[in-house]
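Structure assessment
Now for the letters of each chain:
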Amino acid sequence: MLTVENLNSAYGRIAVLHDVNLEVKAGEIVALVGSNGAGKTTLLRTLSGVQPAASGRILFEGKPIERMEAHARVALGISQSPEGRQVFGPLSVEDNLRLGAFRRRSPDKNTLAHVYDMFPVLAEKRRISAMSLSGGQQQMLAIGRALMAAPKLLLLDEPSLGLAPLLIDQILGAVVKLKAEGITVLLVEQNASAALAIADRGYVLETGHVVLEGKGSDLLEDPKVRAAYLGV
Amino acid sequence: MAEFLQLVFSGLTVGAVYALVALGFTLIYNASDVINFAQGDFVMIGGMGTVFLAAAGIALPLAALMAIVGAVIVGLLLHRLAIEPARGASPVALIMITIGASIFIKGIAQVVFDKQFHSLPAFSGDTPIQVGGATILPQSLWVMGVALGLFVALYLFLEKTLLGKALLATAANRLAARLVGVNVTIILALAFGVSAAIGAIAGVVVTPITLTRYDVGTMFALKGFAAAMVGGMGNPLGAVVGGLLIGLLEAFGAGYISSTYKDAVAFVVILLVLFFLPRGLFGGRSVERV
């Protein structure tokens, strides 16, 4: 579904991604793990188009999209829940969700009902402004908003950041459910053990290079990964 | 009492125009964090454009429509040629660009139009209407009615349509707006276009009362800016209340103190607001949770 070939990306003159190669097949959960500053978020931002690619190719369903504007990529079926949630603070929870479906010509009520089903607390708070939600609720809102676009590929950036363990389980449980519904997920996490545990495959990113890739369960067992990211 | 009522009428009339200019400020500020000091020049283009097109023999309603469309084109060009290329510059730099654009528009207007004062015939005659011992011109009712209509339309657009929400969303979080598929460039162009239309419409309806010249935009921009600040920059309701308040204070200042100080009122108010209520009357935006 998504193929990344020799992708480079930079902030000004500081190169962040170096010849990254990566593949996400339809129906998979792929985890992207690595320490702070490894370039995980930059990679997702380059995929969603809010950060330009310096060189390399991004193929989505066989089509090159690396020069495409972010809003056009949403229309193709790539939707991102960004790091730090980035909800529309002054707008109501429901307006946040409706805006998630901005690019769909016929936004059906089912998707909204489905998101409320998945995160009932959002339904309870649908009239209040997004900025008055707790961190965990904002995270659910960010994911729900991304789902409103009815994406084929969902990019999740640090969905567990700053959340209590119980909430992390709830959010990652939701990700597994999405997979069962046929949504392909690329998951960026610092919480490597939790991410690899639910992933089909994983990539380890270090200072902008892919240094390891493999099945999620294999990476969990890999001594280098355990030493570097799992604190074992 | 009759004198008081008379001052209220004239204050509300001119206040309605300030409110429309302030609404233009609000819309662009909401979408882009830019305070567009060329906002007053849209008022001038609306008035002067209508005067000159009407003088060329075009029927008044059509001339007004053409002038408004002209102002919208100027607004879109302002966005496309001056604001969009500077995307990513600081708001202060963008504000300076709009001041430059305002001077440029005035320069062009001197050449295209002229340097004289002009007026338009009142839409529904000049026979004053008696109300409680005071009089009100039919044109004043036009100004207030049009302002009310535009305010309601803008409110419905922002609150009830997804496109309007997308504009508010772009203001709240531009990155997230791009991620949900909003084309931010088009949203900003829309804000400039609609603001220009609002300003130009204000210019058309107010010209029979206040006259117009190539440089009237400066005063409208400053008063409208004061109104937007009083109401709390970014708040449409605040813009309207601020505009009416500035208009009323100005009328009372002129009536009870001296008309010499009419223009000073707005600036005294803006200083007081900046000292004591920097967020304006309606600008109590709460702190965002991290």
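The sections below set out a description of the structure shown in this document. All chains use their own residue numbering, which begins from 1 and follows the written sequence. Starting at A for chains and at 1 for ligands, labels are handed out in the order in which the entities are written. Selection of residues for local features in this predicted model requires a pLDDT of at least 70, selection of side-chain atom pairs for listing and counting requires 80 or more, and totals for whole chains, interfaces and linings are taken over all residues. To obtain the side-chain values, all non-hydrogen atoms of the structure were included, while hydrogens and water were left out.

In many analyses, interface size is given as the accessible surface area lost on bringing the parts together. A contact between two residues is defined here by any heavy atoms of the two lying within 4.5 Å. On the chain A side, the residues contacting the 22 residues of chain B number 28 residues. Buried area adds together the accessible area that both of two parts lose upon being put together, with accessible area traced by a 1.4 Å probe. Roughly 2,200 Å² is buried in total at the junction of chain B and chain A, and carbon and sulfur atoms are behind 67% of that figure. A carboxyl oxygen of Asp or Glu within 4 Å of a side-chain nitrogen of Lys or Arg is what we treat as a salt bridge. At the surface where chain B touches chain A, the tally comes to one salt bridge. For K165 of chain B, the salt bridge identified is with D95 of chain A, shortest N-O distance 2.5 Å. Throughout this description, a polar contact denotes any pair of N or O atoms lying within 3.5 Å of each other; where both atoms belong to protein, one of them has to be capable of donating a hydrogen while the other can accept it, and for residues adjacent in sequence the pair is counted only when both atoms sit in side chains. There are four residue pairs in polar contact (both at pLDDT 80 or more) connecting chain B and chain A. Contributing elements (two or more residues each) for the side of chain B that touches chain A: α6 (162–172) and α7 (174–179) of chain B. Numbering of helices and strands starts at the N terminus; helices are DSSP runs of H or I of at least 4 residues and strands are runs of E of at least 2.

The rule is simple: put a 1 Å grid over the protein atoms alone, call a set of points where a 1.4 Å probe fits but cannot get out a cavity, call an open set with protein on both sides within 12 Å along at least five of seven lines a pocket, and count a residue as lining if it has an atom within 4 Å of a point. Grid points are joined across faces, edges and corners, and a volume is the space filled by probe spheres set on the points. Tallied over the full model, the rule gives one cavity of 30 Å³ or more. V74, S79, Q80, G100, R145, A146 and A149 of chain A together with L179 and V180 of chain B together form the lining of the largest cavity. Of all elements in the fold, only β6 (78–81) and α6 (135–148) of chain A reach the threshold of two or more residues within the lining of the largest cavity. For this classification, the nonpolar set comprises Ala, Val, Leu, Ile, Met, Phe, Trp, Tyr, Cys and Pro, the charged set comprises Asp, Glu, Lys and Arg, and every other residue, Gly included, is treated as polar. Grouping the constituent residues of the lining of the largest cavity by class yields five nonpolar, three polar and one charged.

Further remarks concern the sheet that holds strand β1 (residues 2–11) of chain A. Residues and elements named next belong to chain A. A pair of strands counts as paired when DSSP detects no fewer than two bridges linking them. With respect to topology, four strands assemble into an open sheet ordered β2-β1-β4-β5, the strand pairing being antiparallel. The outermost strands of the open sheet, each flanked by one partner alone, are β2 (14–24) and β5 (63–64). Across two bridges, the pairing between strand β4 (residues 55–60) and β5 is antiparallel. The partner of L59 across the bridge, within β5, is P64. Here an angle of 0 to 180 degrees is reported between the N-to-C directions of two axes, which are lines fitted to C-alpha atoms, with helices fitted over the stretch in contact. Lying over the sheet, helix α1 (residues 40–48) contacts β1, β2 and β4, oriented at roughly 110° with respect to β1.

So, on to the packing of helix α3 (residues 60–83) of chain B against helix α4 (residues 91–112) of chain B. All names here are of chain B. Where α3 contacts α4, the axes come no closer than 11 Å and their chain directions differ by 130°. The orientation of α3 with respect to α4, classified from their angle, is oblique. The element α3 and its partner α4 pack so that their crossing is right-handed. Contacts between α3 and α4 involve V74, L78, A82 and I83 on the former and, on the latter, L94, I97, T98, A101 and I105. Looking at the contact of α3 with α4 residue by residue, the class counts come to eight nonpolar, one polar and no charged. Angles below 35 degrees are treated as roughly parallel, those above 145 as roughly antiparallel, those between 65 and 115 as roughly perpendicular, and all remaining angles as oblique. Crossing handedness follows the turn of the near helix against the far one: under a right angle anticlockwise gives a left-handed crossing, and clockwise gives a right-handed one.

Residue and element names in this part refer to chain A. When a residue's accessible area, from a 1.4 Å probe over protein chains only, is under 20% of the maximum for its type it is buried; when over 50% it is exposed; and in between it is partly exposed. Most of strand β7 (residues 153–157) sits out of view: five of its five residues are buried. Covered by surrounding structure in β7 are L153, L155 and D157 together with L154 and L156, the residues of both alternating faces. Sheet topology places β6 next to β7; four bridges connect them, and they run parallel. Looking across to β7, one finds that S81 is bridged to L156. With five bridges joining them, β7 and strand β8 (residues 184–189) adopt parallel strand pairing. Across the sheet, the residue bridging to L153 is T184, located in β8. The path from the first strand over the helix to the second decides the hand: if it runs clockwise while the strands point away from the viewer, the crossover is right-handed. After leaving β7, the chain enters helix α7 (residues 165–180) and then returns to the sheet as β8, a path that is right-handed.

Below, the discussion takes up the packing of aromatic side chains. All names here are of chain B. Between rings of Phe, Tyr and Trp, where Trp is taken as its six-membered ring, a pair exists when centres lie within 6.5 Å; planes separated by under 30 degrees are stacked, by over 60 edge-to-face, and by other angles tilted. Counted under the stated rule, the structure contains eight aromatic pairs over all chains. Seen from their ring centres, F123 and W142 are 5.1 Å apart, and the 75° between their planes marks the pair as edge-to-face. Of the two residues, F123 sits in the loop between α4 and β1 (129–131) while W142 sits in helix α5 (residues 138–160), which places them 19 residues apart along the sequence. The partly exposed category is assigned to W142, whose relative accessible area is 38%. On the numbers, 6.3 Å between centres and 75° between planes, the contact of F275 with F276 is edge-to-face. Each member of the pair, F275 as well as F276, carries the same accessibility label: exposed. Among the aromatic side chains, those forming a connected cluster through ring pairs are F4, F252 and Y256.

The next point concerns the nonpolar core. Soluble globular proteins: nonpolar side chains tend toward being buried together. As used here, the term nonpolar core means buried Ala, Val, Leu, Ile, Met, Phe, Trp, Tyr and Cys residues forming a set that is joined through side-chain atoms within 4.5 Å. F88 of chain A together with F25, M44, L167, F220, F225 and I246 of chain B are the most contacted members of the largest nonpolar core, which totals 84 residues. The residues contacting L167 of chain B, other than those within four sequence positions of it, are L27, N30, A31, F157, L158, I187, L190 and A191 of chain B. Residues V33, I143, L154 and V225 of chain A belong to the second largest nonpolar core, which totals 44 residues.

Another point: the pattern of salt bridges. All names here are of chain A. For the structure on display, the rule yields 14 salt bridges over all chains. Where D200 meets K179, a salt bridge forms, and the shortest distance between an N and an O atom there is 2.9 Å. In this pair, D200 is assigned in the loop between α8 (192–198) and β9 (201–206) and K179 in helix α7, connecting sequence segments 21 residues apart. You can call D200 partly exposed: its relative accessible area is 28%. Looking at K179, the relative accessible area reads 28%, which means it is partly exposed.

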